[in-house]
Amino acid sequence: MRELKNESHKNLSFLLLDAFLLAGFWLLNQPRLTGILIHEWFGILFFLFLLWHAGLHWRWVVNIFHKFFKVRSLKQYARLVVDILGLIAFLAIMISGILISKSFLPTLGFSAMRSHSLKLFHAMATNAAVAMLALHLLLNVKWIIKTIAGLFTRRRHPAGSKLPQPE
Ligand code: HEM
Ligand code: HEM
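So, here is what we can say about the structure in this document. (Residues numbered from 1 in each chain as written. Chains lettered and ligands numbered in written order. Predicted model: local features only at pLDDT ≥ 70, side-chain atom pairs only at ≥ 80, totals over all residues.)

**Focus: the site of ligand 1**
Lining the immediate surroundings of ligand 1 are 24 residues, of which Phe14, Ala54, His57, Arg79 and Gly86 lie closest. Class assignment for the residues of the shell around ligand 1 results in 16 nonpolar, 5 polar and 3 charged. (Near = placed C-beta within 6 Å. Nonpolar A, V, L, I, M, F, W, Y, C, P; charged D, E, K, R; others polar.)

Below, the structure written as structure tokens:
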């Protein structure tokens, strides 16, 4: 019983972090709305939360690598590929964003680059991250629906709401 309660709390905190990431990502795609100052500093904060999110699933990633040749589900490989490509896309956004930053680097005492190609690269990496995110959420849609539905039912521990495990 206690284990189920812990699982439910864990799922809820994962869901809150996911919702924050999704809303944050949308906001970061509106630099004209937020202004460049908020865009840059919130972007750095967002990345730390993203690393936290990936860190929470570190065991899943290690498991997948351990059982790499024994995994029989194509979906698990797809998850891994999407996660790795997503991490690369977000790293590319961060590095290019920092290099062209108008507030972040200057505040640290460095001068930023004025490069049109880097700005274009920043925008292209953002498009890649949008594609990754769409696939990532699609691959996790079952868990998302079950966890949200669990919040509205009296039985707060929907069967099979645990995070996906490598098969
Ligand atoms: C805006 C960005 C993101 C959102 C909204 C998001 C959302 C989610 C959701 C809803 C899940 C399933 C439930 C959960 O465990 O929380 C999940 C799982 C996971 N996410 Fe993310 N995610 C994002 C970015 C990333 C990135 C960039 C990585 C790569 C390092 C990543 C790595 C993982 C891993 C390893 C899992 C578990 C296995 C899997 O389903 O792939 N996530 N994410
Ligand atoms: C997930 C994180 C981020 C996303 C999704 C994102 C997205 C975007 C988008 C969509 C644009 C507009 C591109 C255009 O007008 O063609 C932009 C511009 C820009 N971003 Fe980011 N960004 C992120 C993080 C960062 C970070 C961390 C920094 C710097 C520390 C940064 C610095 C900039 C700068 C300097 C511009 C150019 C603004 C201008 O000259 O109009 N971004 N970003």
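**So, the site of ligand 2**
Close to ligand 2 lie 22 residues, the nearest being Leu28, Glu40, Gly43, Gly97 and Phe104. Elements represented by at least two residues in the shell around ligand 2 include exactly α1 (2–28), α3 (36–56), α5 (74–99) and α7 (116–139). Here the shell around ligand 2 takes 6 residues from α3, the largest share from any one element. Taken together, the residues of the shell around ligand 2 break down into 12 nonpolar, 7 polar and 3 charged. (Helix = DSSP H or I, 4+ residues; strand = E, 2+ residues; numbered from the N terminus.)

**Re the environment of Trp52**
Here Trp52 is to be found in helix α3. Among the residues examined, Trp52 registers 11 C-beta atoms within 10 Å and is labelled exposed. Through-space distance from the C-alpha of Trp52 to that of Leu17 is 9.2 Å; in sequence the pair is 35 residues apart. (Buried ≥ 20, exposed ≤ 12 C-beta atoms within 10 Å, placed from the backbone.)

**A look at the packing of α3 against α5**
Relative orientation and spacing of two packed helices are given, respectively, by the angle between their axes and the distance between those axes. Taken N-terminus to C-terminus, the directions of α3 and α5 make an angle of 155 degrees; their axes are 11 Å apart at the nearest point. Taken together, α3 and α5 sit at an angle that is classed as roughly antiparallel. Crossing handedness for the pair α3 and α5: left-handed. In this structure, α3 contributes Glu40, Gly43, Phe47, Leu50 and Ala54 to the contact, and α5 contributes Leu87, Phe90, Met94 and Gly97. A per-class count over the contact of α3 with α5 returns 6 nonpolar, 2 polar and 1 charged. (Axes fitted to C-alpha atoms, helices over the stretch in contact; angles between N-to-C directions. Parallel < 35°, antiparallel > 145°, perpendicular 65-115°, else oblique. Left-handed = near helix turned anticlockwise from the far one by under 90°. Contact = placed C-beta atoms within 7 Å.)

**Some remarks on α5**
With 26 residues, α5 should cover 38 Å at 1.5 Å per step; its first-to-last C-alpha distance of 38 Å lies within 8% of that length. Taken together, the buried positions of α5 are occupied by Gln76, Arg79, Val82, Ala89, Phe90, Ile93, Ser96 and Gly97. Along its buried surface, α5 packs onto α3, α4 (58–66) and α7. (Expected span 1.5 Å × (residues − 1).)

**A look at helix α8 (residues 141–152)**
For α8, built from 12 residues, the straight-helix expectation of 16 Å at 1.5 Å per residue is met to within 8% by its first-to-last C-alpha distance of 17 Å. Counted residue by residue, α8 has 1 buried out of 12 residues, so it is predominantly exposed.

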